[in-house]
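Read off the chains here:
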Amino acid sequence: MKNLVSASVILCLVLSACGPKYTEENKGAYILVKNEEGAQLGYSPESGVKTITSDGYAFKDLNKNDTLDIYEDWRLPAEERARDLASRMSLEQIAGLMLYSAHQAIPAVSGGYFGGTYDGKPFEESGAAASDLNDTQLKFLTEDHLRHVLITSVSSPEDAALWNNKAQAFVEKLGLGIPVNTSSDPRHGADSYAEFNAGAGGEISMWPGTLGIAASFDPELMRKFGEIASMEYRALGVATALSPQIDLGTEPRWSRFDGTMGEDPDLATDLARAYVDGFQSSHDGGWGFQSVNAMVKHWPGGGPEEGGRDGHFGYGAYAVYPGKNISDQIKPFVEGVFNLQGETGMASAVMPYYTISYGQDTKYGENVGNGYSKYLIEDMLRGEYNYDGVVCTDWGITRDVSAIDRFEGKPWGVEELSVAERHYKVIMAGVDQFGGNNDKGPVLEAYAMGVREHGEDFMRKRFERSAVRLLKNTFRVGLFENPYLDVEETKGIVGNPEFMREGYQAQLRSVILLKNHENSVPVKKRQKVYVPQRYIAASTNWFGVQQPEKTVDPFNLEVVKDYFEIVDSPQEADFALVGIESPNGGVGYDRSDLEKGGNGYVPISLQYGQYKASEAREKSIAGGSPLEKSTDRSYKDKSFTAYNISDMALVNKTKEQMGEKPVVVVVKVANPMVFSEIEKSASGILVHMGVQDQVLMDLISGEAEPSALLPFQMPADMATVEKQFEDVPRDMTPYQDEDGNQYDFAFGLNWQGVIEDERVEKYK
């Protein structure tokens, strides 16, 4: 009898038949289930989902069939679960999975690009809570089976968490219980006017952009950013980052230059790898509840835009390779984010850019947008480099466009195809998902086209292949187990004092001291400073919204007062502090040129004063579109003057007013710039890519010492800009200042002079 009892006890332990290995807790909005040494589960008490017990552990019965299906078993590999679920999905459900929503603000704004309604009314009139689902969201989650949502602005971290819980509870009761995978573009930028308080948090921690972190030349700092940002993202309900942007900044005029990690392929590769490792690896080293999928962009590199014109518009549709150097452009992908140090292995998703990579398709001979290119996606990315993660188009590439300078659809190279035909071409190129498309209709039409050409069995397998890739990214970050958030935990994580402090220190390490003539900085505290106001001319943004002219203080004067005594005139001052921005040299296209009989193309200038492109190409490398008559996009001998030429005048006028007294110039740079117009008027020059004003004052006053280096070259003049190749890094003659210093890649000063350390040795 004793032996029988012992055997039964052993059998009980082996089979886990002696009671459950989990506990349940009612969190209000959801039930939290904690498995011993297993996954935590969360489900809505109103969704109809219950738990199933197997071997003493709890599992969610997402499809409510009272059976533990393979996709519901958290003990199994993500690949196996994804294959099982994909096989159960209807064609309409897979089509919805292949959609990525247009931009969603929380709450929706009234009208405009990100507009939305609540029960047919604007948010302000609806009586809805900020965290409620709007009409558009309710439709695409139900009728279109969409499960990937891009959020933009949120009214607060708390509202973001509440919206997440409502969205997850809503979809949990539908069909197979597939959760929402929410994503975000970068959202950690610094607010220049915000003050840093070591004891207080903020709505989210503030960091330099990736170009600013690149100026630290420190991949470990980039990794630290990724680790902290991923924790804040998950606390907001964000499980996918539409980042990093790892295009090489080899074309200095490109409007998205400031989103890159600089122009050097080795530095960008190390930084890109660190960023993705930081985002994707959980605290246990691999995938987990702290992980955020990274969607790297833009394959095969969006940087080499001809003349610097951007692919969001038809006039910027072409990327060119005069240096035959696509190898450097793809290096951050192939050697960086496809070769991670962490256990997640490679970036989970890739986004091709809008551009036509001109002349690169050596197999099919097509010049079409990268998202349509079978050569670049199926043959090169998937075939040559064995990438089997998600490929998602950039936003809106299948929509129509009416003019070459309109912010509408971006179907470059396939303008004459129908919307459904474009979807079909994208799918057959090897792409899995459509960015910015809420409507499953064209995806189903594309499926029907494929059935007519290849048969039902072929197309079902093709759709399931994409479904498996998409589902794996949702399984691996734990959303099928627990997509819900504890709102109080969210409030304690997002923007907490420790994260704010880390971001502030990173900002200090991102500001570059370019010039320090006769040791004009640091400036002793409490000295008298003259801060001239900055004039901003009227302008029109990408969305066609007009911005009126205005005159502004270039810094938060309340912050400046904490360091120096502000005076009203140059005569009273010990030194002047001038805040400006790098030249805004236009977009490279101007309708008024068409009215004069031209082709519409004008130069993009990196200098303030009038620039005549006398050394530009006689004939463009690429050109032509159904939206224009000319196939030559040359702008040779045409002129352009920067919109903010007043910044140049401000620096030079201030120097005249100050005489021999120091003039410290702080430049927020979006692109490399020609310094010859202002450098001699400046005693000290600091450049940054977006930091808090307090950071600048800490450096100027000597509270901190500058340590950053230029992650790109500053050109000597526009002639060297015209002669450089769009696809080749570090091929310009750098500017040399009155102290004999060249503003070259990896140049920077500290209080002792030119920085020569292991970072310079490694990368320069």
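Please refer to the structure placed before this passage.
Residues numbered from 1 in each chain as written. Predicted model: local features only at pLDDT ≥ 70, side-chain atom pairs only at ≥ 80, totals over all residues. Heavy atoms only, no water.

1. A few points about the side chain of S44
Along the chain, the position of S44 falls in the loop between β3 (40-43) and β4 (51-54). Ignoring sequence-local partners within four residues, the contact set of S44 consists of A29, Y30, A169, E172 and Y484. (Helix = DSSP H or I, 4+ residues; strand = E, 2+ residues; numbered from the N terminus. Contact = heavy atoms within 4.5 Å.)

2. Quick look at the packing of aromatic side chains
Under the counting rule described, the total for this entry stands at 35 aromatic pairs. Geometrically, the ring pair formed by Y353 and Y354 is tilted, given 5.4 Å between the ring centres and 45 degrees between the ring planes. With relative accessibility at 1%, the residue Y353 sits in the buried group. For Y354, a relative accessible area of 4% corresponds to the buried category. Ring pairs connect the aromatic residues W207, F225, Y233, Y275 and F279, which therefore count as one cluster. Positioned above the aromatic ring of Y354 is the side chain of K410, whose terminal nitrogen or guanidinium carbon lies 5.6 Å from the ring centre. Just above the ring of F407 sits the side chain of K410; from NZ or CZ to the centre is 4.2 Å. (Phe/Tyr/Trp six-rings, centres within 6.5 Å; stacked < 30°, edge-to-face > 60°. Buried < 20%, exposed > 50% of the residue type's maximum accessible area, 1.4 Å probe, protein only. Lys NZ or Arg CZ within 6 Å of the ring centre and 35° of its normal.)

3. Side note on the pairing of β4
Burial along β4 is one-sided: the residues I52 and S54 are buried and none of T51 and T53 is. In the sheet, β4 pairs with strand β5 (residues 57-60) via four bridges, with the strands oriented antiparallel. Across the sheet, S54 pairs through a bridge with Y57, a residue of β5. A loop of two residues connects β4 with β5, the two strands running antiparallel in sequence, and D55 in this loop sits at a positive phi of about 55 degrees. (Pairing = 2+ DSSP bridges.)

4. Structural notes on the nonpolar core
One recurring pattern in soluble globular proteins is that nonpolar side chains are buried together. Counting 137 residues, the largest nonpolar core has L85, M261, W299, V337, F463 and L471 as its most contacted members. Not counting chain neighbours up to four residues away, the residues in contact with L85 comprise Y71, L176, I178, L471, F475 and F480. One finds V567, L686, L710 and L749 within the second-largest nonpolar core, a separate group that totals 64 residues. (Core = buried A, V, L, I, M, F, W, Y, C linked by side-chain atoms within 4.5 Å.)

5. Brief notes about the packing of helix α12 (residues 419-428) against helix α14 (residues 456-476)
Following both chains from N to C, one finds α12 and α14 inclined at 75 degrees, their axes separated by 11 Å at the closest point. The angle between α12 and α14 falls in the class roughly perpendicular. Residue-level inspection shows Y424, I427 and M428 of α12 in contact with α14, the latter providing F458, M459, R462 and F463. Split into classes, the residues belonging to the contact of α12 with α14 amount to six nonpolar, no polar and one charged. (Axes fitted to C-alpha atoms, helices over the stretch in contact; angles between N-to-C directions. Parallel < 35°, antiparallel > 145°, perpendicular 65-115°, else oblique. Nonpolar A, V, L, I, M, F, W, Y, C, P; charged D, E, K, R; others polar.)

6. As for the pattern of salt bridges
Applying the stated criterion to the full structure yields 46 salt bridges. In this structure, the salt-bridge partner of K139 is E143, at a minimum N-O distance of 3.9 Å. A residue is classified by how much of its surface remains accessible, and K139, at 39% relative accessible area, is partly exposed. Between K515 and E679 there is a salt bridge, with the nearest N and O atoms lying 2.6 Å from each other. A residue pair is termed long-range when its members are at least 10 positions apart, and K515 in strand β17 (residues 512-516) and E679 in the loop between β27 (663-668) and β28 (684-688) qualify at 164 residues. (Salt bridge = Lys/Arg side-chain N within 4 Å of Asp/Glu carboxyl O.)

7. Some points on the side chain of N293
With respect to the element layout, N293 can be found in strand β11 (residues 293-299). A distance of 3.1 Å separates polar atoms of two side chains, one belonging to N293 and the other to S348. Of the polar contacts made by the side chain of N293, one reaches the backbone oxygen of N473; its length is 3.0 Å. Not counting chain neighbours up to four residues away, the residues in contact with N293 comprise N181, A239, T240, A241, Q280, W287, S348, N473 and V477. (Polar contact = N/O pair within 3.5 Å; in protein donor to acceptor, adjacent residues only side chain to side chain.)

8. Regarding the sheet that holds β3
Here we have three strands laid out as an open sheet, ordered β1-β2-β3, and antiparallel in their pairing. Of all the strands in the sheet, the pair left with one neighbour each is β1 (22-26) and β3. In this sheet, adjacent strand axes meet at a mean angle of 20 degrees when their direction is disregarded. Pairing between β1 and strand β2 (residues 31-35): five bridges, direction antiparallel. Note on β2: the bridge partner recorded for N26 is I31.

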